[in-house]
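Residue strings, one per chain:
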Amino acid sequence: MASNELLLAMESGNTKGKEISRHAGRTAHNMSSSSLRKKSDLTLVSKVRYTYVRMLLANLQEVLLGTKLCFLFPAIPLAIVAHYCNFGRHKVDVVKYSLLGSILSNLLLVLGTSLLCGGLANLNREQKFDRKQADVNSTLLLLALLCHLLPLMFRYVGKPDALTAKETLQLSRASSIIMLIGYFAYLVFQLWTHRQFFEAQEAEDDDDKVISEEAPVIGFWSGFIWLAGMTAIIALLSEYVVGTIEDASESWGISVSFISIVLLPIVGNAAEHAGAVIFAFKNKLDITLGVALGSATQIAMFVVPLSVIVAWIVGINMDLDFNLLETSSLALAVIVTSFTLQDGTSHYMKGFVLLLCYIVIGACFLVYRMPTSQAHVGVKLSAGEISRV
Amino acid sequence: MASMDNSIIKGSLSKENRHAAGWTAHNMSSSSLRKKSDLTLVTKVRNRYLRMLLTNLQEVLLGTKLFVLFPAVALAIAAKCFNFGRPWVFALSALGLTPLAERISFLTEQISYFTSPTVGGLLNATCGNATELIIVIFALIEHKVDIVKYSLLGSILSELLLVLGCSLLCGGLVNLTNEQNFDKKQANVNLLLLLLALFCHTLPMMFRYAGESSGVTTEATLQLSRVNSIIMLIAYSAYLIFQLWTHKQFFEAQEEEDDDDLVSEESAVIGFWSGLVWLAGMTALTALLSEYLVGTIEDASESWGLSVSFISIILLPFVGNAAEHAGAIVFAFKNKLDICLGVAVGSATQISMFVVPLSVVLAWIMGIKMDLDLHLLETVSFALSIFVTAFTLQDGSSHYMKGLVLVLCYVVIGAFFFVSRSPNGAVNLDIRSSMAEIFRV
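Residues numbered from 1 in each chain as written. Chains lettered and ligands numbered in written order. Predicted model: local features only at pLDDT ≥ 70, side-chain atom pairs only at ≥ 80, totals over all residues. Heavy atoms only, no water.

- Chain B carries the name Vacuolar cation/proton exchanger in an unreviewed UniProt entry, which gives Escallonia herrerae as its organism.
- For chain B, the Function (unreviewed entry) comment in UniProt is given as "Vacuolar cation/proton exchanger (CAX). Translocates Ca(2+) and other metal ions into vacuoles using the proton gradient formed by H(+)-ATPase and H(+)-pyrophosphatase."
- The heading Subcellular location (unreviewed entry) in the UniProt record of chain B holds the text "Vacuole membrane". (UniProt positions renumbered as here; feature names shortened; annotations may be inferred.)

- Under an unreviewed UniProt entry, the name given to chain A is Vacuolar cation/proton exchanger, and the source organism is Escallonia herrerae.
- For the record of chain A, the UniProt heading Function (unreviewed entry) holds the text "Vacuolar cation/proton exchanger (CAX). Translocates Ca(2+) and other metal ions into vacuoles using the proton gradient formed by H(+)-ATPase and H(+)-pyrophosphatase."
- Under the UniProt heading Subcellular location (unreviewed entry), the note attached to chain A is "Vacuole membrane".

### So, the overall build of chain B
Then step 1. Secondary structure assignment for chain B yields 18 helices and zero strands.
Then step 2. A separation threshold of at least 6 residues defines the contact pool for chain B, and within that pool the share at least 24 residues apart is 84%.
Then step 3. Accessible surface, chain B: about 16100 Å² in total, of which carbon and sulfur atoms supply 68%. (Helix = DSSP H or I, 4+ residues; strand = E, 2+ residues; numbered from the N terminus. Contact = heavy atoms within 4.5 Å. Areas by Shrake-Rupley, 256 points an atom, 1.4 Å probe, with all protein chains shown as cover.)

### Focus: the overall build of chain A
Then step 1. Within chain A, the secondary structure is distributed over 15 helices and zero strands.
Then step 2. Expressed as a percentage of the 389 residues in chain A, the buried residues total 60%.
Then step 3. When the accessible surface of chain A is split by element, carbon and sulfur atoms take 69% of a total near 15700 Å². (Buried < 20%, exposed > 50% of the residue type's maximum accessible area, 1.4 Å probe, protein only.)

### Focus: the nonpolar core
Then step 1. A:L107, A:L143, B:L164, B:L393 and B:M401 are the most contacted members of the largest nonpolar core, which has 199 residues in total.
Then step 2. Broken down by element, this core gets its largest block of residues, 18 residues, from helix α12 (residues 285-313) of chain A.
Then step 3. Apart from residues lying up to four places away in sequence, A:L143 is in contact with A:M301, B:V405, B:L408, B:C409 and B:V412.
Then step 4. Core analysis: the second largest hydrophobic core is formed by five residues, A:V94, A:I245, A:A248 and A:I259 among them. (Core = buried A, V, L, I, M, F, W, Y, C linked by side-chain atoms within 4.5 Å.)

### Structural notes on the packing of helix α5 (residues 92-121) of chain A against helix α14 (residues 348-367) of chain A
Residues and elements named next belong to chain A.
Then step 1. Contact pair α5 / α14: the axes reach a minimum separation of 7 Å and the direction vectors enclose 145 degrees. The handedness of the crossing between α5 and α14 comes out as left-handed. Here L104, S105, L107, L108, L109, L111, G112, T113, L115, L116, G119 and L120 of α5 lie close against α14, whose contacting residues are Y348, K350, G351, F352, L354, L355, C357, Y358 and I361.
Then step 2. Residues belonging to the contact of α5 with α14 are distributed by class as follows: 15 nonpolar, five polar and one charged. (Axes fitted to C-alpha atoms, helices over the stretch in contact; angles between N-to-C directions. Left-handed = near helix turned anticlockwise from the far one by under 90°. Nonpolar A, V, L, I, M, F, W, Y, C, P; charged D, E, K, R; others polar.)

### With respect to the environment of A:L320
Residues and elements named next belong to chain A.
Then step 1. Inspection of the secondary structure assignment puts L320 in the loop between α12 and α13 (324-340).
Then step 2. Owing to a relative accessible area of 0%, L320 belongs among the buried residues under this scheme.
Then step 3. Distance in space between the C-alpha atoms of L320 and V94 is 13 Å, their sequence separation being 226 residues.
Then step 4. Setting aside anything within four residues of it in sequence, one finds L320 in contact with C147, H148, P151, S172, S175, S176, M179, V304 and V308.

### A look at helix α14 (residues 308-333) of chain B
All names here are of chain B.
Then step 1. If you check α14, its first and last C-alpha atoms are 35 Å apart, about what 26 residues at 1.5 Å a residue would give, namely 38 Å.
Then step 2. The largest bend along α14 reaches roughly 65 degrees and is located at N321.
Then step 3. Here α14 lies mainly inside the structure; 20 of its 26 residues are buried. (Expected span 1.5 Å × (residues − 1). Bend = angle between axes of the 7 residues up to and from the residue.)

### Looking at a nonpolar patch on the surface
Residue and element names in this part refer to chain A.
Then step 1. A cluster of nonpolar side chains, L120, L123, Y348, M349, F352, V353, L356 and I359, forms an exposed patch at the surface whose accessible area comes to about 730 Å².
Then step 2. Counting residues per element, the nonpolar patch draws most heavily on α14, which supplies six residues.
Then step 3. With respect to the element layout, L356 can be found in helix α14. (Patch = residues over 30% accessible without salt bridge, like charges linked within 9 Å, V, L, I, M, F, W, Y side chains within 5 Å. Salt bridge = Lys/Arg side-chain N within 4 Å of Asp/Glu carboxyl O.)

### Comments concerning the environment of B:G85
Then step 1. For B:G85, the location among the structural elements is in the loop between α5 (71-81) and α6 (86-112).
Then step 2. Considered as a pair, B:G85 and B:A300 are 215 residues apart in the sequence and their alpha carbons are 9.1 Å apart.

### A short note on the confidence of the model for chain B
Residues and elements named next belong to chain B.
Then step 1. For chain B, per-residue confidence averages 76 on the pLDDT scale, and residues scoring 70 or more make up 76% of the total.
Then step 2. The secondary structure element of chain B with the lowest average pLDDT is helix α1 (residues 4-8), at 40, and the one with the highest is helix α17 (residues 400-419), at 90.
Then step 3. Taken together, the stretch residues 1-23 has pLDDT below 50 and engages in 105 contacts with residues farther than four places along the chain or on a different chain.
Then step 4. Confidence over residues 423-441 falls short of pLDDT 50; this stretch has 33 contacts with residues more than four positions distant or in other chains.
Then step 5. Two numbers describe this predicted complex: its pTM, 0.77, and its ipTM, 0.74. (pLDDT = per-residue confidence, 0-100.)

### Things to note about the state of the cysteines
Then step 1. Scanning the entire structure with this criterion turns up zero disulfides over all chains.
Then step 2. The cysteine A:C147 is free of any disulfide, with B:C409 supplying the nearest cysteine sulfur at 7.2 Å.
Then step 3. In this model B:C170 remains outside any disulfide bridge; the closest cysteine sulfur is found in B:C166, 5.8 Å from its own. (Disulfide = S-S within 2.5 Å.)

### Things to note about the pattern of salt bridges
Residues and elements named next belong to chain B.
Then step 1. Applying the stated criterion to the full structure yields seven salt bridges over all chains.
Then step 2. Among the salt bridges present, the one from K402 reaches D395, with a minimum N-O distance of 2.8 Å.
Then step 3. Classification of K402 by relative accessible area gives buried; the value is 3%.
Then step 4. Relative accessible area serves as the criterion here: at 18%, D395 is assigned to the buried category.
Then step 5. Linked by salt bridges that have partners in common, E142, K144 and E298 make up one network.

### Description of the confidence of the model for chain A
Then step 1. Looking at chain A as a whole, its pLDDT mean stands at 70, while 62% of the residues score no less than 70.
Then step 2. Low pLDDT (under 50) marks residues 371-389 of chain A, which in the prediction has 21 contacts with non-local residues, meaning those over four places away or in another chain.

### Things to note about helix α9 (residues 145-174) of chain B
Because an α-helix packs 3.6 residues into every turn, residues spaced three or four apart end up facing the same way.
Residues and elements named next belong to chain B.
Then step 1. The terminal C-alpha atoms of α9, which comprises 30 residues, lie 42 Å apart, in line with the 44 Å expected from a rise of 1.5 Å per residue.
Then step 2. At S158, α9 is deflected by roughly 40 degrees, the largest bend along its length.
Then step 3. Counting buried residues in α9 gives 27 out of 30 residues, a clear majority hidden from the surface.

### Digging into the packing of aromatic side chains
Then step 1. Overall, the coordinates contain 10 aromatic pairs over all chains when judged by the stated rule.
Then step 2. Residues A:Y183 and A:F184 carry aromatic rings whose centres are separated by 6.5 Å and whose planes lie at 65 degrees to one another, so their mutual orientation is edge-to-face.
Then step 3. Assessed through its relative accessible area of 38%, A:F184 is described here as partly exposed.
Then step 4. Among the aromatic residues, those joined into a ring-pair cluster are A:Y183, A:F184, A:Y186 and A:F302.
Then step 5. The residue whose ring lies beneath A:K282 is A:F279, and the NZ or CZ to ring-centre distance is 5.2 Å.
Then step 6. Across the ring face of B:F331, the terminal group of B:K334 is positioned such that the distance to the ring centre comes to 5.3 Å. (Phe/Tyr/Trp six-rings, centres within 6.5 Å; stacked < 30°, edge-to-face > 60°. Lys NZ or Arg CZ within 6 Å of the ring centre and 35° of its normal.)

### Some thoughts on the packing of α6(B) against helix α13 (residues 272-304) of chain B
Residues and elements named next belong to chain B.
Then step 1. Relative to each other, α6 and α13 sit at 155 degrees, their axes nearing to 7 Å. In terms of orientation, α6 and α13 fall into the roughly antiparallel class. For α6 against α13, the interelement crossing comes out left-handed.
Then step 2. Considered class by class, the residues forming the contact of α6 with α13 number 22 nonpolar, 10 polar and three charged. (Parallel < 35°, antiparallel > 145°, perpendicular 65-115°, else oblique.)

This is how it looks when you write it as structure tokens:
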């Protein structure tokens, strides 16, 4: 029941937070969103200040690495606020579906399109990436998958639903805490101890123009106020989205699960998507992977467990059990992606296969027309039924 | 119990006339727990025979850092005789088995010094998991098939996730600045075998869900499991041939780099016959304690409020694996990842490809119906741990994040079995009907 707003606000919180801390170490993700930004006419100025900015940047990277963490802190209070705006309506399913949809679309759609376009554009060139970074992300995604699978399986061990519900919930909360620990270790890994894994990609880009965008263009406080304003608008819009999702589903004749798994994430990920494709065109696969896998990992290991914890704090029973169909899509997506990235090279066929996988999953949810709330109850009933028999 | 496959390695012994079966990763790992016994006191004894006897005793009993746990053996027997609480018998037996497991692998190793390298390798490969095998046999005698399955599964999980995870984590933290590389060929062979094992476990389980009534499928599942077990044993024999004869070089790389610090421990410290007698004695003790352990597990479960599946999947494996665990971590600290992998992944392979099918065959001989069907939850955990490990070991290098993720996976699985408090038998039946129902709907 953490509502959808929570999710949307969290995601947006993250992105905005990252942007504000952009000067603190560039992540692949930043670079990708920055590719969508219009270059405000700073070329002249930046030429003058180039050396200065570079020094400043180097400096900030050392000193302010910690501030990268600050993209975490706006997310939490905002999520809670967003949640309180909406209490009364507990649409856990929409939350779960749209988070799952974001992971799927990052892994399959964003990555698939980028590899496909990149592969077609660079047909005669070698396309290589550093697989260490991809490996770390796939391992974390597998851990997340394990955390989702076990609560699901739990429901099938055959006891009456009433008995397992509580245990599933406890297990989900414990798993969420473990996932958060994993995510924080990943941050430490990424920002302090093994930066070289994630820096390879930066070095190769330093030459071109990305660097010129590096300096903060607005001040900290003005950035903060903008952030607050944007978040408020996003919260408002997401409340509308969540409030009207059922009506939209009815009048368009599309199931709620399709809307939240396939359509919502496409909207939410548009910026990353475009960025990833652009970098793939330039044969900078490391950045593309950083964007696609990085945000999948971030959602799976940070946003999902955080919503479980926030739901726990506000007294809502949200567990990690995404139903059978959704979990198996997640499992296959993670496994297909991991195998695709095993050999450190890419070609358009890989991208095409990933894209096709996404279309199959989308088709599956399109024909799966169960209204959300009933779907949930229905599954529960059938599980109860099952165990009773 | 891990010792097995590594033993394999033994091949290249020729150096220094190391008799016998060379030095396997596994041996090396347990030897890190052994202290050099100080023989000065003993040598003062005049009588030659007495002196030999004392030396022998000292080597065998005090040769391990785990010797402090030996009193638990006596206490367990005393507790049994004087009718202490049965949970106490369980706990003490578990403690007592820990040093016994280590000593049995030590004695096997000693005996293998007196045989040819290949025989030694085979000996280590078969007796490496003697403790687990003995526990399994006693559980089978008492018809506790679920405990057999759970404890074997638990051993595999703990080797793959906990032992390997802790080693990579500690190794990664200590060697932050060093490059940590290992030879991925060996790891890949092992993972391939583990995937075969997974396949053999999954099919009997799927069979049950194919929708026919369980009366019809039980017999077929059983036959399928037996055939699968024979296939797994064939695969394991082929693996031994691969490791000991045809592709020794895969498993030898790690030896050279270790020759420096370990060579001094190479020679046999006790004679062949005394080794054999000790081995028989230790095995008898192990058998006795295993019997206690298996007999009291339910009482322990009740009085501690833990489910039987948690005890057998999570707690029991600690008993048998303590020595390997410590050894693997020590080698990871020294940045010798090949040995760590040999110990952790190697033992997992040995258990899943040798001990598991062997217990099915033994059960068949004893007329007990044991199949390879691990049930849904356990199979899923097994599958996921193999996948995670496989992906972790794909690129031939390591860092602490990999270790941490493996350990976290183990914690999640542990938490999962901790909350699932269902009586074994009941669960089994329920799933059967429930899944049949699901698939029919």
